[in-house]
Amino acid sequence: MPKPKKRGSNPQRGAGGQPRNVQPFSDEDASIETMSHCSGFSDPASFTEDGPEVDEEATQEDLEYKLKGFIDLTLDKSAKTRQAALENLKSAFSSKILYEFIMERRMTLTDSIERCIKKGKSDEQCAAAGLACLLCVQMGSGIESEEIFKTLGPVLKKIVCDGTASIQARQACATCLGICCFIVTDDITELYSTMECLENIFTKAYQRDRDTNGVSSTHNTVLHISALLAWTLLLTICPMNEVKKKIEMHLHKLPSLLSCDDLNMRIAAGETLALLFELARETDADFFYEDMELLTEKLRALATDGNKHRAKVDKRKQRSVFRDVLRAVEERDFPTEMVKFGPERMYIDCWVKKQTYDTFKEILGSGMQYHLQSNDFLRNVFELGPPVMLDAATLKTMKIPRFERHLYNSAAFKARTKARSKCRDKRADVGEFF
């Protein structure tokens, strides 16, 4: 009688049951054509003096070969193999423009994502939802992206509204639903339908507040935060008459979420309030809010919060955010931020722009700067114009010698150390002692 096979003897798996045929998307792959914000294309200073020449065509072929393998593995029987393949595709899509490659395989990718969201477990659903976001970012707005959203939209809504699904999966699908709708939807009916789906989720936090003196965080809080932020993103592209309706509906209810004991919920509610005030004043220069005094008292308390039961890091983060929110509500002011990517600069000068930038930064991670340089859709969203094309000679003239970079970094490090030491000595953050 033949001996039974031992568990884990699958030839496709190595030690510990890990898939052998899934090679992670490495930094070497990501360096092709400078895919991240710290790459040679986006940062001229990163060019070395005498770098070896790379056969870009051969390297690109090798990359595409790996990506084809990952796409095939999204249909594997093993959940771990599928999830690893999804994560590797996410790494590639977030760090490189692959429009032509994806265009040829968009339906295969869409079918794989749909299958993983429908049949996968929590982690696999989260990875598939993240990949769906990146797929739409790569494709931009157009007929092809609309086809993708028509397939995935109903599936995402079903998971978001499914109380039996894991909170992490519902959270990822809520974010994905908002981002994909923002990118591809020209149909105003679909936009309103998606916003209503998200409203049905985060407004449940209002209902809890009616039963208690404050809003206590629950295991659903992360879902409410994601739904609120996705809804806020979609509000920025609504017609003004719809914006007015939403402001009237939510502006008096959102301040209740400032009392939630979850830091991220307080911050999400505060930034949403600042954005609503900004939109309200754009539609009506004489906009008046009845409970302004009560609201500013709440915001000021959060901006100067020194409760000892909260972590110092949380208090610093909260105070920093709510100082800006208070200025926006009281003084109609916004602290302009500058984002550098390669030779270009972008100024974030309003809450609408900040909300949009933060959303895409969250899904693209370190690839945000590269996509700002090269992604036509994102450049159109932030009104950056067509991509700036720089030849090798121009990039070489922009190069900073290695020794100068070393001197600059050393000086910056010393200055930063002195500034931090001074703050520690004087205990500059006096809010800690109130």
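Residues numbered from 1 in each chain as written. Predicted model: local features only at pLDDT ≥ 70, side-chain atom pairs only at ≥ 80, totals over all residues. Heavy atoms only, no water.

**Overview of the overall build of the chain**
Move 1: Looking only at helices and strands, one finds 19 helices and 2 strands in the chain.
Move 2: Looking at the chain residue by residue over its 434 residues, the buried ones come to 46%.
Move 3: Long-range contacts, defined as pairs at least 24 residues apart, comprise 68% of the intrachain contacts of the chain with a sequence gap of at least 6.
Move 4: For the chain, the computed accessible surface area is about 23,500 Å², with 51% contributed by carbon and sulfur atoms. (Helix = DSSP H or I, 4+ residues; strand = E, 2+ residues; numbered from the N terminus. Buried < 20%, exposed > 50% of the residue type's maximum accessible area, 1.4 Å probe, protein only. Contact = heavy atoms within 4.5 Å. Areas by Shrake-Rupley, 256 points an atom, 1.4 Å probe, with all protein chains shown as cover.)

**Brief notes about helix α5 (residues 122-139)**
Move 1: When the terminal C-alpha atoms of α5 are compared, their 26 Å separation across 18 residues agrees well with the 26 Å that a helix rising 1.5 Å per residue should span.
Move 2: Among the 18 residues that make up α5, 16 are buried, leaving the element largely enclosed by the rest of the structure.
Move 3: Directly beyond the C-terminal end of α5, a positive phi value near 70 degrees is found at G140. (Expected span 1.5 Å × (residues − 1).)

**Looking at unusual backbone geometry**
Move 1: Even without glycine at this site, R332 takes up a positive phi of about 55 degrees.
Move 2: Within the secondary structure, R332 sits in the loop between α14 (312-331) and β1 (337-341).
Move 3: Positive phi, normally seen in glycine, also occurs at E383, with a value near 55 degrees.
Move 4: Take E383: it is sitting in the loop between α17 (376-381) and α18 (392-397).
Move 5: By relative accessible area, E383 is classed as exposed at 73%.

**Structural notes on the confidence of the model for the chain**
Move 1: Per-residue confidence for the chain gives a mean pLDDT of 83, with 79% of residues at or over 70.
Move 2: Considering only residues more than four positions removed or in separate chains, one finds that residues 30-51, a stretch of pLDDT under 50, has 55 contacts. (pLDDT = per-residue confidence, 0-100.)

**What to know about the pairing of strand β2 (residues 344-348)**
Move 1: Burial along β2 is one-sided: the residues E344, M346 and I348 are buried and none of R345 and Y347 is.
Move 2: Where β1 lies against β2, 5 bridges are found, and the strand directions are antiparallel. Bridge pairing in β2 places F341 opposite E344.
Move 3: The antiparallel pairing of β1 with β2 creates a hairpin that spans 2 residues between the two strands, and G342 there sits at a positive phi of about 65 degrees. (Pairing = 2+ DSSP bridges.)

**Brief notes about the environment of S166**
Move 1: As for its position among the elements, S166 is in the loop between α6 (143-161) and α7 (167-184).
Move 2: A relative accessible area of 23% places S166 in the partly exposed class.
Move 3: Placed 43 residues apart in sequence, S166 and D123 show a C-alpha to C-alpha distance of 9.4 Å.
Move 4: In terms of polar contacts, S166 uses its side chain to reach the backbone amide nitrogen of A169, at 3.1 Å. (Polar contact = N/O pair within 3.5 Å; in protein donor to acceptor, adjacent residues only side chain to side chain.)

**Observations regarding helix α8 (residues 188-202)**
Move 1: Taking 1.5 Å per residue, 15 residues should reach 21 Å; α8 reaches 21 Å between its end C-alpha atoms and fits that length.
Move 2: Taken residue by residue, α8 has L191, T194, M195, C197, L198, E199, I201 and F202 as its buried positions.
Move 3: The N-cap of α8, judged by a side-chain oxygen 3.1 Å from the amide nitrogen of T189 a few residues on, is D187.

**With respect to the side chain of Q138**
Move 1: The residue Q138 is located in helix α5 in this model.
Move 2: There is a polar contact of 2.6 Å between the side chain of Q138 and the backbone oxygen of F93.
Move 3: In this structure the side chain of Q138 is engaged in a polar contact, spanning 2.9 Å, whose partner is the backbone nitrogen of L98.
Move 4: Once you skip the residues sitting within four places of it in the chain, Q138 turns out to touch F93, K96, I97, L98, Y99, I102, H371 and N375.

**Here we look at the pattern of salt bridges**
Move 1: Scanning the model with the defined rule gives 12 salt bridges in all.
Move 2: Here R82 ties to E124 by a salt bridge, and the two come within 2.8 Å at their closest N and O atoms. Here the residue R82 occupies a position in helix α3 (residues 79-95), and E124 occupies one in helix α5, the gap between them amounting to 42 residues.
Move 3: By relative accessible area, R82 is classed as buried at 15%.
Move 4: Of the residues examined, E124 reaches a relative accessible area of 4% and is grouped as buried. (Salt bridge = Lys/Arg side-chain N within 4 Å of Asp/Glu carboxyl O.)

**Some details on the packing of α7 against helix α15 (residues 351-364)**
Move 1: Running from N to C, α7 and α15 cross one another at 115 degrees; their axes reach a closest spacing of 12 Å. In the crossing of α7 with α15, the sense of the turn from one axis to the other is left-handed. Contacts between α7 and α15 involve I179, F182 and I183 from the former and T356, T359, F360 and I363 from the latter.
Move 2: Taken together, the residues of the contact of α7 with α15 sort by class into 5 nonpolar, 2 polar and no charged. (Axes fitted to C-alpha atoms, helices over the stretch in contact; angles between N-to-C directions. Left-handed = near helix turned anticlockwise from the far one by under 90°. Nonpolar A, V, L, I, M, F, W, Y, C, P; charged D, E, K, R; others polar.)

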